[in-house]
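In case you want the letters, here they are:
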Amino acid sequence: MQIKQLFSTFVRFGIVGALATVLHYGLYYLFHFFMEVNAAFTLGYLLAFVVNFYMTSYFTFGSSPSWHKLFGMGGAHAVNYLLQIGLLNFFLWIGVAAVWAPLPVYIIAVPVNFLLVRFVFISKKQ
């Protein structure tokens, strides 16, 4: 993949990722008033994942969604979710307020997620 094309893909991934992250955080923020923090984080993650999958397929990588890609992205996101929930609990444990704890999680997890998801969507094209 050419550098220009890789950069363009990364920018589109960034846009989709930013929108999915804002959606996830917004849902988490609303849900954390009504349920336990880990449950709120998980429910927000799952709902944002559905939106993220379709946006990643069509916009980021210009491909059609498929069951194969859904399971591949689901596997990548399962790893990402475990990383995020572990980091969330770490930041809560060290005293970061529940309302702010997801923010440093995203800073760490988003680049890892790009590499995982890119592998799922690009590996079959090449």
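One can find the structure itself at the top, above this paragraph.
Residues numbered from 1 in each chain as written. Predicted model: local features only at pLDDT ≥ 70, side-chain atom pairs only at ≥ 80, totals over all residues. Heavy atoms only, no water.

Colleague: Describe the packing of aromatic side chains, with residues and values.
Modeller: Under the defined criterion, the tally for this structure stands at nine aromatic pairs. When the centroid spacing of 6.3 Å and the interplanar angle of 35° are considered together, the rings of Tyr 25 and Tyr 29 count as tilted. Here Tyr 25 pairs with Tyr 29, and both are found in helix 1 (residues 3-31), just four residues apart, close to one helical turn. Looking at Tyr 25, the relative accessible area reads 17%, which means it is buried. (Phe/Tyr/Trp six-rings, centres within 6.5 Å; stacked < 30°, edge-to-face > 60°. Helix = DSSP H or I, 4+ residues; strand = E, 2+ residues; numbered from the N terminus. Buried < 20%, exposed > 50% of the residue type's maximum accessible area, 1.4 Å probe, protein only.)

Colleague: Residue-level account of the nonpolar core, with values.
Modeller: Among the nonpolar cores identified, the biggest contains 14 residues, and Tyr 28, Phe 41, Leu 88, Phe 91 and Val 105 are the most heavily contacted of them. The set of elements that each furnish at least two residues to this core consists of helix 1, helix 2 (37-60), helix 3 (67-93) and helix 4 (102-122). In terms of nonpolar packing, the next biggest core, distinct from the first, is built from eight residues, Phe 53, Phe 61, Met 73 and Ala 76 among them. (Core = buried A, V, L, I, M, F, W, Y, C linked by side-chain atoms within 4.5 Å.)

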